[in-house]
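Analysis of the macromolecular model
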Amino acid sequence: MEPIQSKAGQGRVADAPSRHWVYRALPRRLWPYAQLARWDRPIGWVLLLWPCWWSLAMAASAYARPGDSLVSLLPSPWFLALFLLGAVAMRGAGCTYNDLVDENIDAQVERTRSRPLPSGQVTRRQAWSFLVLQALVGLVVLLQFNSFAVVLGISSLAIVAIYPFMKRITNWPQFVLGLAFSWGALMGWAAEFGDIDAPALLLYFGSIMWVIGYDTIYAHQDKEDDALVGVKSTARYFGENTKSWLAGLYGGALILFATAFAMAQVPMPALAGLVAAGAHMARQIVSLDIDDPDQCLKLFRSNGQVGWIIFLGLVLGGAWVALKPLV
């Protein structure tokens, strides 16, 4: 088991699992870069990916008609792969940037002081160089899409740039995170159609509410330290009313998702996916103990399953249209 990293020596960061492949497969000199990119904590890029894949799957099965081929009703494997690579690269770049901005704050928070910068395992110059490298990978991925999607993707950088500063000035930094992490809900539709229509916007707004919800759960891990250093969050703002807020946020997200699906005329099985996702969200709310950091982290990570449920509902909906005449 790797020790927790500090200025005294290299190891894993506090919230990364021990014996992760990063620590087993990579040379020790590369550990700080993997930690900057959060390769040892993949849930971040998973959650960034889901709005992209939802939007792509919704666009593929939108306005489906009997007689459409199965291939035409399913999301493009090439686009799915591009969004996967882009999510890993841009989540890593965003986290590296966030660590550069928050180095002094991270040094004062128990969970984050083991990160590469505050623990002295990497210099700021090295971190900036790694950020540029990841951003270039993201740019190469972005340039594979149509011109509208390229411009749309680049425009998201303004939100990414301001996000790390929001926790200093507003109780709602999770809202700004939602703006950034939900951008893929626009990108998948834009990659397919070359524009943005109402279904994509509704999916985007719904995803923002989902992000605020799950990141509020995540932020409850650090609320005591955040209060000491003056960092704001919806976890601190909602406090003991967190469950009521989550019910409203998750409920609103599901309503907006359902409306988006209806406007896009996606096949009915997609709604079954939303019902199942709603049950999962309800379980999160009922079981949440905001004073149990380990449980908060576990429930936060479980939103990766929500992503799978909604995505599979959309994919099965597209397949259902094509295969129904054969049944």
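Residues numbered from 1 in each chain as written. Predicted model: local features only at pLDDT ≥ 70, side-chain atom pairs only at ≥ 80, totals over all residues. Heavy atoms only, no water.

**What to know about the overall build of the protein**
Looking only at helices and strands, one finds 18 helices and zero strands in the protein. For 327 residues, the compact-globule estimate of 2.2 N^0.38 gives 20 Å, and the protein sits close to it at 20 Å. Oriented by its inertia axes, the alpha-carbon framework of the protein measures out at about 65 × 45 × 35 Å. In the protein, the proportion of contacts linking residues at least 24 apart, taken out of those at least 6 apart, comes to 73%. When the accessible area of the protein is evaluated, it comes to approximately 14,200 Å², of which 67% is carbon and sulfur surface. The positive charge centre, built from 25 side chains, and the negative charge centre, built from 22, are 5 Å apart in the protein. (Helix = DSSP H or I, 4+ residues; strand = E, 2+ residues; numbered from the N terminus. Rg over C-alpha atoms; globule rule 2.2 N^0.38 Å. Contact = heavy atoms within 4.5 Å. Areas by Shrake-Rupley, 256 points an atom, 1.4 Å probe, with all protein chains shown as cover. Lys, Arg positive; Asp, Glu negative; His and termini not counted. Charge placed at Lys NZ, Arg CZ, Asp CG, Glu CD.)

**Quick notes on helix α9 (residues 157-166)**
For α9, the full list of buried residues reads I159, Y163, P164 and M166. Buried residues in α9, looked at end-on, bunch into an arc of 150°, giving them a common side. Residues of α9 that are buried in the fold lie against α5 (77-101), α10 (173-181) and α12 (198-219). (Buried < 20%, exposed > 50% of the residue type's maximum accessible area, 1.4 Å probe, protein only. Arc of directions from axis to C-beta.)

**Focus: the layout of surface pockets**
A water-sized probe rolled over the atoms picks out the places where empty space is left. A volume near 280 Å³ is recorded for the second largest pocket. What lines the second largest pocket is a set of 15 residues, among which R111, Q221, D222, P293 and D294 lie closest to the centre. Sorting the residues of the lining of the second largest pocket by element identifies α13 (223-229) and α17 (293-301) as the ones contributing at least two each. When the residues that make up the lining of the second largest pocket are grouped by side-chain class, the tally is three nonpolar, two polar and 10 charged. (1 Å grid on protein atoms, 1.4 Å probe; cavity = no way out; pocket = protein on both sides within 12 Å on 5 of 7 lines; lining within 4 Å. Points joined across faces, edges and corners; volume = space filled by probe spheres on them. Nonpolar A, V, L, I, M, F, W, Y, C, P; charged D, E, K, R; others polar.)

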